[in-house]
Amino acid sequence: MKIDPLHIEEAAKLLIGGNTFDHERIEFITNLDTCDLLAVPGSGKTTALMAKLYCLSKQMPFSDGSGVLVLAHTNNAVDEIEKKLKKHCPHLFEYPNFVGTIQSFVNKYLASQACFEKYGSYISKNDDDLINDYISKKVFYQKDSKIFGNLSNILKTKNNKITKQFLKLKGIDDTDDLILKYKDLGVIDKNNVFGNIKENYNKIKSSNLSYEEKTILFNFNDFLKSLSTEIKNYVDIIKIIKYDEQNECFHSNDFPKTWKNKLKFSTDSGKELKIIFDELKFNGSLKYYDSFEMSNYYISKFPEIKSIIQSRFKFVFVDEMQDLEKFQID
């Protein structure tokens with residue numbers, strides 16, 4: 001298969017107002033081998049891709065019945081491709097081709113079927129914000145649960161550092177001097193981490209610190225306690241937790257190092273959190289990442305599906321590759 005120069009001229013009339021593509025762009029448009037197109041923002045990468053798609057569409061249907069797969073990171077990029085090309089080559093947007101976001105592709109061909117097989121429900125929603133908010137509320141209103149206690153402790157640990165910014169908000173000008181005083185007293189360590197208030201109470205009260213300097217420490221302790229009283233603080237922790245079905249655990253950089261950044265499903269906290277996550281999946285509500293995790297499960301269970309998809313799509317193009325997460329690229 002070769003790109004017809006006549007079709008390149010037609011694409012130029014359609015996409016760049018009748019001007020001609022330069023040598024570099026023509027080289028990309030005519031190249032049907034695997035390659036990466038690297039260029040600065042605004043240099044016309046998507047336009048060059050659309051020209052290539054236009055030229056390929058003129059040779060459809062392919063003799064082997066295969067199609068073209070075009071993936072982008074955002075709906076805006078997909079909309080731009082459709083706006084420019086759909087009326088000129090509508091069959092590019094029909095079977096056996098697929099033009100859409102990588103999320104919609106993964107859901108359609110892998111994750112939704114996997115979700116039905118595992119949870120009895122096709123995917124109805126991908127929405128990180130809504131799901132993170134829902135999980136946070138479920139945890140927050142189960143204050144007697146293990147997971148609430150653990151996440152509350154994580155909140156305090158994450159924020160348990162007296163910073164210069166905090167001291168400035170309290171009206172302290174010479175923040176370095178006060179931090180040094182606290183270190184000499186032993187109420188904060190070399191990393192400015194505040195110690196246990198019960199253990200340090202008498203030390204603080206009997207010290208030579210001024211009333212204001214003592215009050216700041218007690219205010220900071222009150223601040224740490226207040227963190228667990230606001231749902232929004234739990235959202236910040238929940239949103240980076242990843243559900244790992246294959247290894248039967250949750251992953252998060254916020255988890256303590258003693259956990260090795262993992263929370264196993266077999267622990268009391270892990271069981272409680274898994275029930276909440278699974279409840280959403282039974283309703284077809286997944287985080288964006290969950291779709292890819294579900295797809296990995298499906299490919300592992302049915303590896304032949306890779307060959308089926310590879311046969312279906314003769315060419316694969318990914319726009320905005322630099323904006324994709326590693327798990328999306330993988």
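See the structure above.
Here's what I pulled together on the structure shown here.

## Comments concerning the environment of E199
(1) Moving on: Positionally, E199 belongs in helix α10 (residues 197-205).
(2) Moving on: A relative accessible area of 66% places E199 in the exposed class.
(3) Moving on: With 12 residues separating them along the chain, E199 and V187 place their C-alpha atoms 9.1 Å apart.

## Thoughts on the pairing of strand β1 (residues 67-72)
(1) Moving on: Taking burial as the measure, the six residues of β1 include six buried ones, the bulk of the element.
(2) Moving on: Pairing geometry for β1 and strand β8 (residues 313-318), over five bridges, is parallel. When the bridges of β8 are listed, G67 appears paired with F313.
(3) Moving on: Alignment of β1 against strand β2 (residues 98-101), held across four bridges, turns out to be parallel. Its bridge partner being in β2, L69 is matched across the sheet by F98.
(4) Moving on: For the handedness criterion, the β-α-β arrangement of β1, helix α4 (residues 75-85) and β2 is classed as right-handed.

## Side note on the environment of F105
(1) Moving on: With respect to the secondary-structure elements, F105 resides in helix α5 (residues 102-119).
(2) Moving on: By relative accessible area, F105 is classed as buried at 10%.
(3) Moving on: For the pair F105 and V70, spaced 35 residues apart in the sequence, the C-alpha separation amounts to 9.4 Å.
(4) Moving on: When near neighbours in sequence (up to four residues on either side) are disregarded, F105 contacts L69, L71, F98, L110, I309 and F313.

Calculation rules
- Residues numbered from 1 in each chain as written.
- Predicted model: local features only at pLDDT ≥ 70, side-chain atom pairs only at ≥ 80, totals over all residues.
- Heavy atoms only, no water.
- Helix = DSSP H or I, 4+ residues; strand = E, 2+ residues; numbered from the N terminus.
- Buried < 20%, exposed > 50% of the residue type's maximum accessible area, 1.4 Å probe, protein only.
- Pairing = 2+ DSSP bridges.
- Right-handed = clockwise from strand over helix to strand, strands pointing away.
- Contact = heavy atoms within 4.5 Å.

Interpretation in functional terms is not warranted from these geometric data alone.
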